[in-house]
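# Residue-level structure breakdown
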Amino acid sequence: MSTTTLFRDPLVHHLLESRTGPCITILMPTHRTMPEAQQDAKQLKELAKEAEARLLENHEKRAVGDILERLHAQVAAYDASHASEGLALFIAHDTDELVRLPFPVASRVVAEGSFATREVIRARLGDVDHHVLVLSTKGAHLFVAQSDRIVGEVRSNGFPIENRHYTTDALMTSTARGQENQLREYHHQVDKAVRAAVGEQGRVVIAGPHEQCAHLLHGAQDRGLYIGEVPGNLEHVNAPEIAAKAWPVAYEDQKRRQMADLDLVGRTPDALRVTALSDVWQLVHEGRGRTLLVERDLRLPAHREGDGLLSADAEGAEIADAVDDIIEEQLRKGGDVRILPNGTLGQYNGMALVLRY
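So, how was this worked out
Residues numbered from 1 in each chain as written. Predicted model: local features only at pLDDT ≥ 70, side-chain atom pairs only at ≥ 80, totals over all residues. Heavy atoms only, no water. Pairing = 2+ DSSP bridges. Helix = DSSP H or I, 4+ residues; strand = E, 2+ residues; numbered from the N terminus. Axes fitted to C-alpha atoms, helices over the stretch in contact; angles between N-to-C directions. Contact = heavy atoms within 4.5 Å. Parallel < 35°, antiparallel > 145°, perpendicular 65-115°, else oblique. Nonpolar A, V, L, I, M, F, W, Y, C, P; charged D, E, K, R; others polar. Core = buried A, V, L, I, M, F, W, Y, C linked by side-chain atoms within 4.5 Å. Buried < 20%, exposed > 50% of the residue type's maximum accessible area, 1.4 Å probe, protein only. Left-handed = near helix turned anticlockwise from the far one by under 90°. Phe/Tyr/Trp six-rings, centres within 6.5 Å; stacked < 30°, edge-to-face > 60°. Right-handed = clockwise from strand over helix to strand, strands pointing away.

Let us look at the sheet that holds strand 2 (residues 86–92). The antiparallel open sheet is built from 4 strands, whose spatial order is 3-2-1-4. Looking at the sheet topology across the chains shown, the edges are occupied by strand 3 (95–101) and strand 4 (108–112). Strand after strand, the sheet turns through a mean of 10° between neighbouring axes, direction not considered. Pairing analysis gives 6 bridges linking strand 1 (residues 23–29) to strand 2, with the strands arranged antiparallel. From the neighbouring strand, Thr25 faces strand 2, where its bridge partner is Phe90.

Structure representation (C-alpha cells):
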C-alpha cells in the first residue's frame, strides 16, 4: 500500500485528525484459539481500568464521562471469538474504534492529546499488497492479496476474462501463425485489463503454465508490473492455496524493495539526509521530509522544549513515543513512510529522513 493510499484510508485518516480533549489508546496481544482467548477479555478489562485511572488523574469525571462510557461499552462488547494476533482500541470524545491487528503487540495504555497509531499504520504499510493473475488457456482471474492471504477477486475492468479467442477450429489452429495470433490477441486483452485494474504502481504475480506466462510477458506493455511467476495450472485451485503459492514470490519482491530503500538512504548526500531525532522531528514538521524510513519497533520517549524536541529520554517523558508523532506528521505533510525490519537501519540508529530539499 502506498503512503498516498494509506492517508486516504478512512480509518487512518480518522485516527490522525486533530482532536480536543484526551485520547485513549489501548494495545494488547490477543489469541486466536481457546482457552487462551478467554483471558483476553480479562486483560482488556484490566487495561481499561488503567486507562480510566489515568483519565481521572488529570480530568474531572464529568468532563470525561462520555469517554468513559465509550470505553466501558467497548469492553462489554468485546468478542474474543473473533480475535487475531493483536488489538488496538481508540477512545475519544468523538470516536471509539476497535482494530484487530495481524501481529502481536506489547500491552500498553497511552493517554495523550492524540492516538498512538503506529500499530495501525504498521498493519497497513506492513502488508505486502499485490495481485495474483491466474492465467489459463480458457480465461484469466485477478485476485487481490495481502501478504499470504487472498482478500478479494477483481470483478471490474473486464475481469474475470473469458478467452473468446480460444477455439479448437482445425483451420485456425493448424498453423503456428494461427495459434500465435490467438495467443497474442488474448494476452493483449489480459495485459490491458491488468494495467487498468492495478495502476502504474501495481505488483502482479502471474500463476499459470510457463508457456502462457512467458508469452504474456513477452508482449506486456509494462513488464515492471509483473514481479514473478508461479508455474503450473492453478485454474481450479482454491484461494488459500493460490495465496500460499504466490506469497514467496511477493515476499522476495518486497525484500528487493527494502534493499532499494536502504540503497536510497546510502546514496543520498549528507545534506539531504538526517538521522538525529530532533532534526527529524523539526524537518518533518516543516514539511521537508520526502521519505521517512523507520525500523518496525523503534520507540523513543522524549521531552519537548517549545516547538522543538529536547531529547530522547524515558524518564519523565512528555511524549510517550516521538516516532509515532513523526510518522503521523510525515503522513499529514504528504511525505512517504517506509517501515523496515528491525536492525536494517542500525547504522542510522533505527530512523532516517530523506529530505525534499
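Moving on, there is more to tell.
This part takes up the sheet that holds strand 12 (residues 289–295). The 4 strands lie next to each other as 11-16-12-15, forming an open sheet whose pairing is mixed. One side of each edge strand has no neighbouring strand; the edge strands of this open sheet are strand 11 (273–274) and strand 15 (336–340). For strand 11 and strand 16 (residues 351–355), the ladder comprises 2 bridges, and the chain directions are antiparallel. Residue pairing in the sheet places Val274 in a bridge with Leu353 of strand 16. Contacts from helix 10 (residues 277–285) reach strand 11, strand 12 and strand 16, with the element oriented near 40° to strand 16.

The geometry of helix 3 (residues 38–58) relative to helix 4 (residues 65–77) is characterised by a closest axis approach of 10 Å and an angle of 175° between their N-to-C directions. Here helix 3 is positioned roughly antiparallel relative to helix 4, judged by the angle of their axes. Note on element contacts: helix 4 touches helix 3 through Ile67, Leu68, Leu71, His72 and Val75, opposite Leu44, Lys45, Ala48, Ala51, Glu52, Leu55 and Leu56. When its residues are assigned to classes, the contact of helix 3 with helix 4 shows 9 nonpolar, 1 polar and 2 charged.

Here we come to the nonpolar core. Counting 39 residues, the largest nonpolar core has Val280, Leu292, Ile326, Ile327, Met351 and Leu353 as its most contacted members. Look past the residues within four positions of Ile326 in its chain and what remains in contact with it is Leu277, Val280, Trp281, Val284, Leu292 and Met351. Residues Ile26, Ala37, Ile67 and Ala83 belong to the second largest nonpolar core, which totals 21 residues.

A few words now on the packing of helix 10 against helix 11 (residues 322–332). Contact pair helix 10 / helix 11: the axes reach a minimum separation of 9 Å and the direction vectors enclose 25°. Comparing the axis directions of helix 10 and helix 11 gives the class roughly parallel. Handedness of the crossing formed by helix 10 with helix 11: left-handed. Of helix 11, the residues touching helix 10 (which contributes Leu277, Val280, Trp281, Val284 and His285) are Ala322, Asp325, Ile326, Glu329 and Gln330. The residue inventory of the contact of helix 10 with helix 11, partitioned by class, reads 6 nonpolar, 2 polar and 2 charged.

Let us now look at unusual backbone geometry. Phe159 connects to Pro160 through a cis peptide bond whose omega is -10°. With respect to the element layout, Pro160 can be found in the loop between strand 7 (149–153) and strand 8 (161–162). In the Ramachandran plot, Ser147 falls in the positive-phi region, its phi being about 55° despite a non-glycine side chain. Position of Ser147 relative to the elements: it lies in the loop between strand 6 (139–146) and strand 7. Owing to a relative accessible area of 11%, Ser147 belongs among the buried residues under this scheme. Phi is positive for Asn349, which is not a glycine, with a value near 60°.

Scanning all chains against the criterion turns up 2 aromatic pairs. Measuring from centroid to centroid gives 5.3 Å for Phe90 and Phe115, while their planes differ by 75°, and the two rings are edge-to-face. Highlighted residues: Phe90 in strand 2 and Phe115 in the loop between strand 4 and helix 5 (118–126), separated in sequence by 25 residues. Seen from their ring centres, Trp247 and Tyr251 are 5.4 Å apart, and the 50° between their planes marks the pair as tilted. One end of the pair is Trp247 and the other is Tyr251, both in helix 9 (residues 239–267) and 4 residues apart, which spans about a single turn.

Right, let's get into the pairing of strand 1. Consecutive side chains along a regular strand alternate between the two faces of the sheet. Across the 7 residues of strand 1, 6 count as buried, placing the element largely inside the fold. Pairing analysis gives 5 bridges linking strand 1 to strand 4, with the strands arranged antiparallel. Following the sheet pairing, Ile26 is matched in strand 4 by Val109.

Next up on the list: the pairing of strand 10 (residues 226–231). Two elements, strand 9 (residues 204–208) and strand 10, share 5 bridges in a ladder whose sense is parallel. When the sheet's bridge partners are listed, Val204 is paired in strand 10 with Tyr226. Taken together, strand 9, helix 8 (residues 210–219) and strand 10 form a β-α-β motif whose crossover is right-handed.

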